[in-house]
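An overview of the molecular structure
One letter stands for each residue in the lines below.
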Amino acid sequence: SQKIEQNSEALNIQEGKTATLTCNYTNYSPAYLQWYRQDPGRGPVFLLLIRENEKEKRKERLKVTFDTTLKQSLFHITASQPADSATYLCALAGGSGGYNKLIFGAGTRLAVHP
Amino acid sequence: NAGVTQTPKFQVLKTGQSMTLQCAQDMNHEYMSWYRQDPGMGLRLIHYSVGAGITDQGEVPNGYNVSRSTTEDFPLRLLSAAPSQTSVYFCASSLGDSWLANYGYTFGSGTRLTVV
């Protein structure tokens, strides 16, 4: 079955450093991969999308890479701030699953310390 | 715009009771979905709809019904609540395929359901 894995352990980093989160998947050939941010008690908020034919995407302090050979995406937050503390979810769609059916990972909690 | 509105925010049910979780969006989005979120398991798709009158099952549909009589509303019905349905439920919407691919889903703030 399709499976998405994200680090279950929280990632703790110092303010100003770069945070790197990992998303690995198996038994799936997605057309694109999305990253969402979720704060406690709230719904996920869309951040970035990267397509299967793209290697890297940037948006302000965010950078996403997508390696379809390794079946892995890396999500980077540069110059991290305490306000970046949240849970980050990756989601896959497309391919045999259809574009309207997002499959989510369990998320990685990021804590940025002053 | 209000975005995606879910009601109620909290609910406690007894085993065997039925109820409807409401979801409404005012963005004229065609795609709507229901997810449940449990600790350590991520968001799992329950049911989804690509337009009024069209619904389909997701990954975990058992015990839930949906209907889509209008573009705006997509209620989720629990037929006979069970403790295994204790979860946080999220409704999400998107304009369509191209919008979804570029802007993702817009999520509601969730309904926290406890079945005792």
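Here the structure is shown first, and the text comes after it.
Residues numbered from 1 in each chain as written. Chains lettered and ligands numbered in written order. Predicted model: local features only at pLDDT ≥ 70, side-chain atom pairs only at ≥ 80, totals over all residues. Heavy atoms only, no water.

Re the pattern of salt bridges
Short version of the rule: Take a side-chain nitrogen of Lys or Arg and a carboxyl oxygen of Asp or Glu: if they are within 4 Å of each other, that pair is a salt bridge. Three exposure classes are used, based on accessible area relative to the maximum for each residue type with a 1.4 Å probe and protein chains only: buried under 20%, partly exposed in between, and exposed over 50%.
Evaluated as defined, the whole model comprises 7 salt bridges over all chains. Residue A:K3 pairs with A:E5 through a salt bridge whose shortest N-O separation is 3.4 Å. For A:K3, a relative accessible area of 46% gives the class partly exposed. We classify A:E5 as partly exposed; its relative accessible area is 44%. The shortest N-O distance in the salt bridge between A:R58 and A:E56 comes to 2.9 Å. When its relative accessible area of 39% is taken as the criterion, A:E56 is described as partly exposed. Three or more residues joined by partner-sharing salt bridges are found here, namely B:R36, B:D38 and B:R44.

Considerations on the sheet that holds strand β3 (residues 19–25) of chain B
Sheet strands pair via backbone hydrogen bonds, and the direction of the pair is either parallel or antiparallel. All names here are of chain B. Short version of the rule: Any two strands with at least two DSSP-identified bridges between them are counted as paired. Helix and strand assignments follow DSSP, with helices taken as H or I runs no shorter than four residues and strands as E runs no shorter than two, numbered in order from the N terminus. To get an axis, a line is fitted to the C-alpha atoms, and for a helix only the part in contact is used. The angle between two axes follows their N-to-C directions and goes from 0 to 180 degrees.
Across the sheet, 4 strands lie side by side as β1-β3-β8-β7; this open sheet has antiparallel pairing. Every interior strand has two partners, whereas the edge strands, β1 (4–7) and β7 (64–66), have only one. Strand-to-strand, the axes of this sheet are offset by a mean angle of 20°, without reference to chain direction. With 3 bridges joining them, β3 and strand β8 (residues 76–78) adopt antiparallel strand pairing. Bridging from a neighbouring strand, M19 pairs with L78 of β8.

A short note on unusual backbone geometry
A cis amide bond, omega -5°, links B:T7 with the succeeding residue B:P8. Mapped onto the elements, B:P8 comes out in the loop between β1 and β2 (10–13). Look at A:N27: it is not a glycine, yet its phi comes out positive at around 55°. Its location among the elements puts A:N27 in the loop between β3 (19–26) and β4 (32–38). Residue A:N27 is classed as exposed on the basis of its relative accessible area of 54%. A positive phi angle is found at A:E60, which is not glycine, with a value near 55°. By secondary structure assignment, the location of A:E60 is in the loop between β6 (56–59) and β7 (62–67). The exposed category is assigned to A:E60, whose relative accessible area is 79%.

A few points about the interface of chain B and chain A
Counted only if it meets this: Throughout, a residue-residue contact means that at least one pair of heavy atoms, one from each residue, lies within 4.5 Å. By buried area we mean the combined loss of accessible area, with a 1.4 Å probe, across both parts when two parts are placed together. Here a polar contact means two N or O atoms within 3.5 Å. Within protein one must be a hydrogen donor candidate and the other an acceptor candidate, and residues neighboring in sequence count only if both atoms are side-chain atoms. Gly is placed with the polar residues, together with every amino acid not listed as nonpolar (Ala, Val, Leu, Ile, Met, Phe, Trp, Tyr, Cys and Pro) or charged (Asp, Glu, Lys and Arg).
The partner chain A presents 19 residues to the 22 residues of chain B that form the contact. Buried surface at the junction of chain B and chain A, summed over both partners, amounts to about 1,600 Å²; 56% is from carbon and sulfur atoms. At the boundary of chain B with chain A, the tally comes to 3 residue pairs in polar contact (both at pLDDT 80 or more). Looking at the side of chain B that touches chain A, the elements that each hand over two or more residues are β4 (31–38), β5 (42–51) and α1 (97–103) of chain B. Partitioned by chemical class, the residues of the side of chain B that touches chain A number 13 nonpolar, 8 polar and 1 charged.

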